[in-house]
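# Coordinates in review
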Amino acid sequence: MKKVLILGDIHANYPALKAIQNYVRPNSFDRVVNTGDLTVYSTFPNETIKWFRESNKSVCILGNTDKRVLRILKGKKLKKPRKREKRVMYFWTSENLLPENVKYLRSLPKHSDFKIDNIHIGVFHGTFDDENETLFPGTPESRFRKLAKGSPFQVHIMGHSHVPYYKIVSGVHFVNPGSVGRMFDGDPRTSFAILKASSERIKIEHFRIPYPVEEVIKGLKKNRLPDIYTKMYRTGKKLN
Ligand SMILES: [Fe+2]
């Protein structure tokens, strides 16, 4: 049996990533996937990126927050987000990233794919044909059918919506692990998924586990970052 640890939308929340590491032992997996958005909203982008940099099993892609951080580092103007508190978080991240982690972020692709046990798996932040698209469990099935039609992948692993789901549409598996580090649904626990494959049979399981939220709060306070994010991490709700 092959195993894939599916992580995404970590948003620099290293305490949550460590809690998952302690819970599942990533070394026992064949691959560790990250669906993008390694950075912004918590104060541990360096620790988070280093964790993936040092893994020889990671399949890592860029998300929209990572792309914006790279844009700032290139000296380009940032049109979005417009909200002041959000911009503070983007600029704080770009000012605090270590050069080796900037280099790693720059090396990441927008999407990726790999094979295990003859199962071809695609990894996207948005979707196969639109990196900015956000799919939810309630997105009309016709959209999933369109993506499944002619898909070279048996499994699409996607992020961006911060909402965990698993669907099989027209024989294609669609998985979102939810967000490791920035929850939207009022449950402050971290979210991830595990894919198990044997003899081309696929099983997906979602997990929600507690992590030391106060470590994230401490990081935000120490760096005098906007209070709204303290509240966001404690409540597990999207507040802006
Ligand atoms: Fe995200």
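Calculation criteria
- Residues numbered from 1 in each chain as written.
- Predicted model: local features only at pLDDT ≥ 70, side-chain atom pairs only at ≥ 80, totals over all residues.
- Heavy atoms only, no water.
- Pairing = 2+ DSSP bridges.
- Helix = DSSP H or I, 4+ residues; strand = E, 2+ residues; numbered from the N terminus.
- Axes fitted to C-alpha atoms, helices over the stretch in contact; angles between N-to-C directions.
- Contact = heavy atoms within 4.5 Å.
- Phe/Tyr/Trp six-rings, centres within 6.5 Å; stacked < 30°, edge-to-face > 60°.
- Buried < 20%, exposed > 50% of the residue type's maximum accessible area, 1.4 Å probe, protein only.
- Lys NZ or Arg CZ within 6 Å of the ring centre and 35° of its normal.
- Right-handed = clockwise from strand over helix to strand, strands pointing away.
- Donors = N, O, S within 2.8 Å, 3.2 Å for Na, K, Ca; no water.
- Tetrahedral: all angles 85-135°; square planar, octahedral: opposite > 155°, others 65-115°.
- Polar contact = N/O pair within 3.5 Å; in protein donor to acceptor, adjacent residues only side chain to side chain.

A separate point is the sheet that holds strand β10 (residues 201-209). Strand order across the open sheet formed by five strands is β3-β2-β1-β9-β10, with mixed pairing between neighbours. The strands lining the two open edges of the sheet, one partner per strand, are β3 (58-60) and β10. Strand-to-strand twist of the sheet, defined as the mean angle between neighbouring strand axes without regard to direction, takes the value 20°. Pairing between strand β9 (residues 190-198) and β10: nine bridges, direction antiparallel. Each residue of the ladder has a partner; that of Ala193, found in β10, is His206. Against the sheet, helix α2 (residues 45-53) contacts β1 (2-7), β2 (31-34) and β3, and its axis sits at roughly 145° relative to β2.

Take the packing of aromatic side chains next. Per the counting criterion, the structure on display carries eleven aromatic pairs. Ring geometry for Phe124 versus Phe153: centroids 5.8 Å apart, planes at 65°, classification edge-to-face. Placement of the pair is Phe124 in strand β5 (residues 119-124) and Phe153 in the loop between α6 (141-148) and β6 (155-158), with a sequence separation of 29 residues. Phe153 shares its class with Phe124; the two are buried. By way of ring pairs, the aromatic residues Tyr23, Phe192 and Phe207 are connected into one cluster. Sitting above the plane of the Phe29 ring, Lys3 keeps its charged end 4.3 Å from the centroid.

In this sheet, β2 lies alongside β1 in parallel orientation, the contact comprising four bridges. Along β2, the bridge assignment pairs Val4 with Arg31. Note on the crossover from β1 through helix α1 (residues 14-24) to β2: the handedness is right-handed. Summarising the sheet, β2 and β3 pair through three bridges and their orientation is parallel. Directly across from Val32, in β3, lies its bridge partner Ser58. Handedness of the β-α-β unit built from β2, α2 and β3 comes out right-handed.

Reference values for coordination geometry: four tetrahedral donors around a metal ideally subtend 109.5 degrees, six octahedral donors ideally subtend 90 or 180 degrees. The iron ion binds to the protein through Asp9 (OD), His11 (NE2), Asp37 (OD) and His162 (NE2); the donor distances cover 2.1 to 2.3 Å. If you look at the iron ion, its four donor atoms make angles of 86 to 175° with each other, and the shape they trace is irregular. Between the donor residues of the iron ion, the gaps in sequence give the motif D-x1-H-x25-D-x124-H. Here the residue His11 occupies a position in the loop between β1 and α1, and Asp37 occupies one in the loop between β2 and α2, the gap between them amounting to 26 residues.

Moving on, we get to the side chain of Asn240. Relative to the assigned elements, Asn240 resides in the segment after α8 (227-235). Accessibility expressed as a relative area gives 10% for Asn240, which makes it buried. One polar contact links Asn240 to Tyr229, side chain to side chain, over a distance of 2.8 Å.

A sheet is described by the order of its strands in space; here five strands give the open sequence β4-β5-β6-β8-β7, paired in mixed fashion. Of all strands in the sheet, those bounded by a partner on one side alone are β4 (111-116) and β7 (165-169). Between one strand axis and the next, the sheet turns by 20° as a mean value, whatever way the strands run. As paired elements, β6 and strand β8 (residues 172-176) share three bridges and run parallel to each other. Pairing of His156 across the sheet is with Phe174, part of β8. Sitting on the sheet, α6 is in contact with β6, β7 and β8, with an inclination near 65° to β7.

Side chains that are three or four residues apart share a direction in an α-helix, a result of its 3.6 residues per turn. When we look at burial in α1, the residues that qualify are Tyr14, Pro15, Ala16, Leu17, Ala19, Ile20 and Val24. Residues of α1 that are buried sit in contact with β1, α2, β9, β10 and α7 (213-222). At the N-terminal boundary of α1, the capping side chain belongs to Asn13, with an oxygen 3.1 Å from the backbone nitrogen of Ala16. Positive phi appears at Arg25, one or two residues downstream of α1, with a value of about 55°.

Note that every value here comes from positions in space, so none of it alone points to a role or purpose.
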